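Remarks on the overall topology
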Amino acid sequence: MNADAHPLVVRARRLAADLLVPAAERVDQEGVPASHVEAVKRSGLLGVVAPVEYGGSGASAAVLRETAEILAGACCSTWFVQTQHHTPVQTLARSGLPVRERLLGPLARGELLSGVAYAHLRSFPRVPVRVRRWQGGWRFEGTVPWYTGWGLNDVMLLVGVTDADEALFAFAEAHDQPGLKASPPMRLAALTAARTVSLELDGLWLPDDAVALRTPYARWAAGDRARTLNANPAVFGVAEAALSLLDEATAGPLRARVADVRRRAYALADDPAPDERAAERLAVRAQAYQVLGAATTAAVVAGGGRAMALTSRAQRLAREALFLLVQGQTTESRTAHLAALTGA
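Parameters and conventions
- Residues numbered from 1 in each chain as written.
- Predicted model: local features only at pLDDT ≥ 70, side-chain atom pairs only at ≥ 80, totals over all residues.
- Heavy atoms only, no water.
- Pairing = 2+ DSSP bridges.
- Helix = DSSP H or I, 4+ residues; strand = E, 2+ residues; numbered from the N terminus.
- Buried < 20%, exposed > 50% of the residue type's maximum accessible area, 1.4 Å probe, protein only.
- Polar contact = N/O pair within 3.5 Å; in protein donor to acceptor, adjacent residues only side chain to side chain.
- 1 Å grid on protein atoms, 1.4 Å probe; cavity = no way out; pocket = protein on both sides within 12 Å on 5 of 7 lines; lining within 4 Å.
- Points joined across faces, edges and corners; volume = space filled by probe spheres on them.
- Nonpolar A, V, L, I, M, F, W, Y, C, P; charged D, E, K, R; others polar.
- Contact = heavy atoms within 4.5 Å.
- Salt bridge = Lys/Arg side-chain N within 4 Å of Asp/Glu carboxyl O.
- Core = buried A, V, L, I, M, F, W, Y, C linked by side-chain atoms within 4.5 Å.

Here the focus is the pairing of strand β2 (residues 129-134). Both β2 and strand β3 (residues 137-148) contribute to a ladder of 6 bridges, which runs antiparallel. Each residue of the ladder has a partner; that of tryptophan 134, found in β3, is glycine 137. Following β2, the chain reverses through 2 residues before pairing antiparallel with β3; glutamine 135 in that reversal takes a positive phi of roughly 50°.

Have a look at this one:
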């Protein structure tokens, strides 16, 4: 089935048109409401790539990309909250540990929403969160600098590094508890609505049956590198939303550029050798950011002074584009992006 015609893509378009787009400027200023999360849960989109036998749809990567574009273009804050969920689902789908049977079904069916607390792994060999064996389970110590969806998520996939340099991923309930305390929500230039906090871990204890993955850091890092080489589908969703604010004479050439970069980006994403052609992947990723910047800048220019109002869709999309420049960034992708900007 063509991804455009998949039932979940149709459902995502309906959710975007009926709920997300009309409320996007208000959500940007007030925060993602619980009602948005409930609507996403009911839609089935949280189980887009989850195994069918656990209540998911088992859809293709192309369907996941398409739904991501639609949600990000409609309300990037809502997209960012729900996109965290897919990593825990995919982690559990590959896990052979007991937590799979306890949580994969509820996550796949949208009964629970999960966040993630693992971006700090990319700072290795610095270790912001250390985890050690303790009383038949695991004790977490340190600081998670960024955690999105606080107050909206039911559970989180938390990671620490062991003394043997293993990455240990375990599920915890997503609320303040002994050993876990969240900061006040951060005020950010974009996506404040996604309810991002930092987490202080002071002896948070999780049992063995909360563990979903325990793997050498180097093995995890290799997989993470392959994922972060490619362009984020949200980039194309926000770019298309910006183009929809322009007249066709202006939008046409930019839309052709977006389509060309998107086609090349997704061809690389579908390549069966994800570790190869790294330089090409990073170059296309940088080109995706460039065309995103052109599209959102054009929307602001076309909007004139009105685009400076917080009620303006153009300025919201421009700020969301700034956020996407650094979301999921690694040292490698940052270096390649800066080189592309400077012509180095």
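Backbone torsion omega between phenylalanine 124 and proline 125 reads 15°, so that peptide bond is classified as cis. Here proline 125 is to be found in the loop between β1 (114-117) and β2. One non-glycine residue, aspartate 165, lies in positive phi territory at about 60°. In this structure, aspartate 165 sits in the loop between β4 (155-161) and β5 (166-173). In the Ramachandran plot, arginine 195 falls in the positive-phi region, its phi being about 60° despite a non-glycine side chain. One can find arginine 195 in the loop between β6 (180-182) and β7 (196-207).

Tracing the backbone shows asparagine 153 in the loop between β3 and β4. Residue asparagine 153 is classed as buried on the basis of its relative accessible area, which comes to 6%. A polar contact of 3.0 Å, which involves the side chain of asparagine 153, links it to the backbone oxygen of threonine 148.

To continue, consider the layout of surface pockets. Here the second largest pocket defines a volume of roughly 290 Å³. Every residue lining the second largest pocket is counted, 15 residues in all, and those nearest its centre are Glu69, Ile70, Gly73, Gly237 and Glu240. Elements with a contribution of two residues or more to the lining of the second largest pocket: α1 (7-30), α3 (61-74) and α8 (233-243). The element best represented in the lining of the second largest pocket is α3, accounting for 5 residues. Residues of the lining of the second largest pocket, tallied by class, amount to 7 nonpolar, 3 polar and 5 charged.

The next subject is the side chain of histidine 86. Along the chain, histidine 86 turns up in helix α5 (residues 86-94). A distance of 3.2 Å separates polar atoms of two side chains, one belonging to histidine 86 and the other to glutamine 82. Dropping the residues within four chain positions of it, histidine 86 is found in contact with Leu45, Leu46, Val48 and Leu64.

A complete count under the given rule lists 26 salt bridges for this structure. Put simply, arginine 319 and aspartate 28 hold a salt bridge, and the shortest N to O gap is 2.5 Å. Of the two residues, arginine 319 is situated in helix α11 (residues 313-326) and aspartate 28 in helix α1; the sequence distance between them amounts to 291 residues. Since its relative accessible area comes to 9%, aspartate 28 is described here as buried. Ionic pairing is found between glutamate 141 and arginine 139, a salt bridge with its closest N-O pair at 2.8 Å.

By secondary structure assignment, the location of phenylalanine 323 is in helix α11. Sequence-wise, phenylalanine 323 and leucine 121 are 202 residues apart; in three dimensions their C-alpha atoms are separated by 20 Å. Once residues within four sequence positions are removed from consideration, phenylalanine 323 is found in contact with Phe80, Ala190 and Leu191.

Core analysis: the largest hydrophobic core is formed by 67 residues, its most contacted members being Trp79, Phe236 and Leu324. Beyond its immediate chain neighbours, meaning those up to four positions away, phenylalanine 236 contacts Glu69, Ala231, Val258, Val261, Arg262, Ala265, Tyr266 and Ala288. Val131, Leu204, Ala210 and Val211 belong to the second-largest nonpolar core, a separate cluster that totals 23 residues.

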